[in-house]
Amino acid sequence: MLQGKTIVLGVTGGIAAYKAAALCSKLKQEGAEVHVIMTASATQFISELTFQTLSRQNVYTDTFDERDASVVSHIHLADHADLVLIAPATANVIGKMAHGLADDMLTTTVLATMAPILVAPAMNVHMYAHPAVQQNMDVLRQRGVMFIEPEEGLLACGYTGKGRMAEPEHIVEHVKQWFAAEKDFEVSEDRIAHSNPGHDAELPSGLAGGEECLLSGRTVLVTAGGTMERIDPVRYITNDSSGKMGFAVAEAARSMGAKVILIAGQTQVAPPEGMEVIAVESTQDMFDAVTSQYDNADIVIKTAAVADYRPVARAAQKLKKTGEKLVIELERNPDILEALGKRKTHQFLVGFAAETEHVEQYALDKLQRKRLDLIVANDVSRSDAGFRSDNNEVLIYDGQGLVERIPLMAKTGIAKRLLHIVAERLPAGSSQRMPTAEEVRSLE
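Residues numbered from 1 in each chain as written. Predicted model: local features only at pLDDT ≥ 70, side-chain atom pairs only at ≥ 80, totals over all residues. Heavy atoms only, no water.

### Let's talk about the overall build of the protein
Part 1 of the argument: When helices and strands are tallied, the protein shows 15 helices and 19 strands.
Part 2 of the argument: For the protein, the accessible surface area stands at approximately 20,600 Å², while carbon and sulfur atoms represent 48% of it. (Helix = DSSP H or I, 4+ residues; strand = E, 2+ residues; numbered from the N terminus. Areas by Shrake-Rupley, 256 points an atom, 1.4 Å probe, with all protein chains shown as cover.)

### Re the nonpolar core
Part 1 of the argument: Core analysis: the largest hydrophobic core is formed by 38 residues, its most contacted members being Leu215 and Leu418.
Part 2 of the argument: Discounting residues that sit within four places of it in the chain, Leu215 has contacts with Val220, Ala253, Met256, Gly257, Ala258, Ile299, Leu419, Ala423 and Leu426.
Part 3 of the argument: If you look at the next biggest cluster of nonpolar residues, it comprises 34 residues, including Val36, Ala42, Ala120 and Met165. (Core = buried A, V, L, I, M, F, W, Y, C linked by side-chain atoms within 4.5 Å. Buried < 20%, exposed > 50% of the residue type's maximum accessible area, 1.4 Å probe, protein only. Contact = heavy atoms within 4.5 Å.)

### Looking at the UniProt feature "binding site: CTP" (unreviewed entry) in the protein
Part 1 of the argument: Following the UniProt record, one finds the feature "binding site: CTP" (unreviewed entry) at Asp308, Lys318, Pro334, Asp335, Ile336, Leu337, Phe352, Lys366 and Lys370.
Part 2 of the argument: By the secondary structure assignment, Pro334 is in the loop between strand 15 (330–332) and helix 12 (336–343).
Part 3 of the argument: Given a relative accessible area of 22%, Pro334 falls into the partly exposed group.
Part 4 of the argument: Along the chain, Lys366 falls in helix 13 (residues 359–369).
Part 5 of the argument: The class for Lys366 is buried, based on a relative accessible area of 18%.
Part 6 of the argument: Residues contacting Lys366, with those up to four places away along its chain left out, are Leu337, Phe352, Ala353, Leu372 and Ile375. (UniProt positions renumbered as here; feature names shortened; annotations may be inferred.)

### Regarding the sheet that holds strand 18 (residues 391–398)
Part 1 of the argument: Read from one edge to the other, the open sheet built from eight strands follows the order 12-11-8-13-16-17-18-19, with strand pairing classed as mixed. Of all the strands in the sheet, just strand 12 (276–279) and strand 19 (401–410) have a single pairing partner and so form its edges. The average undirected angle you get between the axes of adjacent strands in this sheet is 15°.
Part 2 of the argument: When strand 18 meets strand 19, the two strands line up antiparallel, connected through seven bridges. Residue pairing across strands places Asn391 opposite Ala410, the latter belonging to strand 19.
Part 3 of the argument: Contacts from helix 10 (residues 244–255) reach strand 8 (219–224), strand 11 (259–264), strand 13 (299–302), strand 16 (348–355) and strand 18 within the one sheet, and its direction differs from that of strand 8 by about 165°.
Part 4 of the argument: The sheet contacts of helix 14 (residues 411–425) involve strand 13, strand 16, strand 17 (374–379), strand 18 and strand 19, and relative to strand 19 the element is tilted by about 155°. (Pairing = 2+ DSSP bridges. Axes fitted to C-alpha atoms, helices over the stretch in contact; angles between N-to-C directions.)

### Regarding the packing of aromatic side chains
Part 1 of the argument: Evaluated as defined, the whole model comprises zero aromatic pairs.
Part 2 of the argument: Lying across the ring of Phe147, Arg141 places its NZ or CZ 5.0 Å from the centre. (Phe/Tyr/Trp six-rings, centres within 6.5 Å; stacked < 30°, edge-to-face > 60°. Lys NZ or Arg CZ within 6 Å of the ring centre and 35° of its normal.)

### Re the confidence of the model for the protein
Part 1 of the argument: Residues with a pLDDT of 70 or more make up 88% of the protein, whose mean pLDDT is 86.
Part 2 of the argument: Of all helices and strands in the protein, the one with the weakest mean pLDDT is helix 9 (residues 189–195) (38), whereas strand 13 scores best (97).
Part 3 of the argument: Confidence over residues 187–210 falls short of pLDDT 50; this stretch has 34 contacts with residues more than four positions distant or in other chains.
Part 4 of the argument: Every residue in residues 429–444 scores below 50 in pLDDT, and together they form 33 contacts with partners more than four places removed in sequence or on other chains. (pLDDT = per-residue confidence, 0-100.)

### Let's talk about helix 5 (residues 105–112)
Part 1 of the argument: Extensive coverage of helix 5 is indicated by the burial of six of its eight residues.
Part 2 of the argument: Every buried residue of helix 5 is accounted for by Met105, Leu106, Thr107, Thr108, Thr109 and Val110.
Part 3 of the argument: The elements touched by buried residues of helix 5 are strand 1 (6–11), strand 2 (33–38), helix 3 (73–80), strand 3 (83–89), helix 4 (91–98) and strand 4 (117–121).

### Considerations on empty space enclosed by the protein
Part 1 of the argument: Across all of its chains, the model carries one cavity of 30 Å³ or more by this definition.
Part 2 of the argument: If you add up the space inside the largest cavity, you get close to 30 Å³.
Part 3 of the argument: Surrounding the largest cavity, Met146, His174, Gln177, Trp178, Met409, Ala410 and Gly413 form its lining.
Part 4 of the argument: Among the secondary structure elements, those contributing two or more residues to the lining of the largest cavity are helix 8 (168–185) and strand 19.
Part 5 of the argument: Looking at which element gives the most residues to the lining of the largest cavity, the answer is helix 8, with three residues. (1 Å grid on protein atoms, 1.4 Å probe; cavity = no way out; pocket = protein on both sides within 12 Å on 5 of 7 lines; lining within 4 Å. Points joined across faces, edges and corners; volume = space filled by probe spheres on them.)

### Quick look at the environment of Val110
Part 1 of the argument: Within the secondary structure, Val110 sits in helix 5.
Part 2 of the argument: Through-space distance from the C-alpha of Val110 to that of Ile75 is 9.5 Å; in sequence the pair is 35 residues apart.
Part 3 of the argument: Look past the residues within four positions of Val110 in its chain and what remains in contact with it is Val84, Ile86, Met97 and Ile117.

### What about the pattern of salt bridges?
Part 1 of the argument: Under the counting rule described, the total for this entry stands at 19 salt bridges.
Part 2 of the argument: A salt bridge links Asp103 to Lys96, with the nearest nitrogen and oxygen atoms 2.8 Å apart.
Part 3 of the argument: For Lys96, a relative accessible area of 11% puts it in the buried group.
Part 4 of the argument: The partner of Lys370 in a salt bridge is Asp335, and the shortest N-O contact between them spans 2.9 Å. Remark: Asp335 occurs in the loop between strand 15 and helix 12 and Lys370 occurs in the loop between helix 13 and strand 17; sequence separation between them is 35 residues.
Part 5 of the argument: Judged by relative accessible area, which is 9%, Lys370 ranks as buried.
Part 6 of the argument: Connected via shared salt-bridge partners are Lys19, Arg164 and Glu167. (Salt bridge = Lys/Arg side-chain N within 4 Å of Asp/Glu carboxyl O.)

This is the structure in structure tokens:
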């Protein structure tokens, strides 16, 4: 999957720079052409000669050290990269990227490139959790930058926590999965035209123009985040949903030409731009918002993790301690997905199943009971995927069983793959629909 790919590897000044040598070697072994850019601080931890030997390419450290008079080095690298990978990425370089600073070879190249950017942070646990760092990462995510979350463990500084750069093997696998997903996402227009000249005019308009038109003319309704059930004015029941998966789905749908309506509960990141966003708090609020928009939706993807129960009584004032125990009586919330399944007419309905055990069994049961077209199941007990993580690993089922297993990868990649599967299954009846897999094959 990496054969012939050009990867610009940015190495910044952290103790994890030594891991970047193994990363460079493994990328090279997979067939990639690797060009290394080191910051000045990185050279304090590991030598340029190491990367020059491993990559068999010149190593860049200085914007003004031009070695080929026929090109401007940072522009040449930026233009020819299939992927820019920064590992390790310090808090400093993440901050500079977020604010558009370009004061060295690496940040200048990053600012000039149109290639996708993948970042593997590595820093002290408290630095990683600092609001400034998290905000900078959120800004970059909104611009399409992808992250491989650091791992938990003993750090070089002596602390134990989240901050260790992901292992080189994990990063390489992530890179391979990303390229594999991108290959799967390539629209077959050019391939079909090459195989069958003259068919171009017969392609449905949902296919013509590439991925950005896959859902053209469609309205996609997405729910994201968790819901809050108030106990009193300062306390509530909720869950760990961050909203990241739902936001990734909404962004992917928008990029494929759909009109997107995003209904968001409690989230840990800012919602994407370029779409209608309806903010809600409780499960009842989300139920009301979804059902009011349902009839106009072509595709409904319900990633939100809603509360199944709510307090029977909500205190008007903050509850005071009155004894050793406090008993709160709960009652059932409306089942949004079940209600949508019963009302379904033309909508393509996708649910999510966040489980901690018997994932397949519970997902298939939910699929059948709630009349879903697809269900996306994942194990949220894992520390490297699911709630709060930028990554996920999912199983997609339909009424016939497993459709596809998507290995651990960024939620943005999972969102794109899911929407491609949905697009292939959209029913006939619109001139702007995506052709079925059988129709595409008939044109080959």
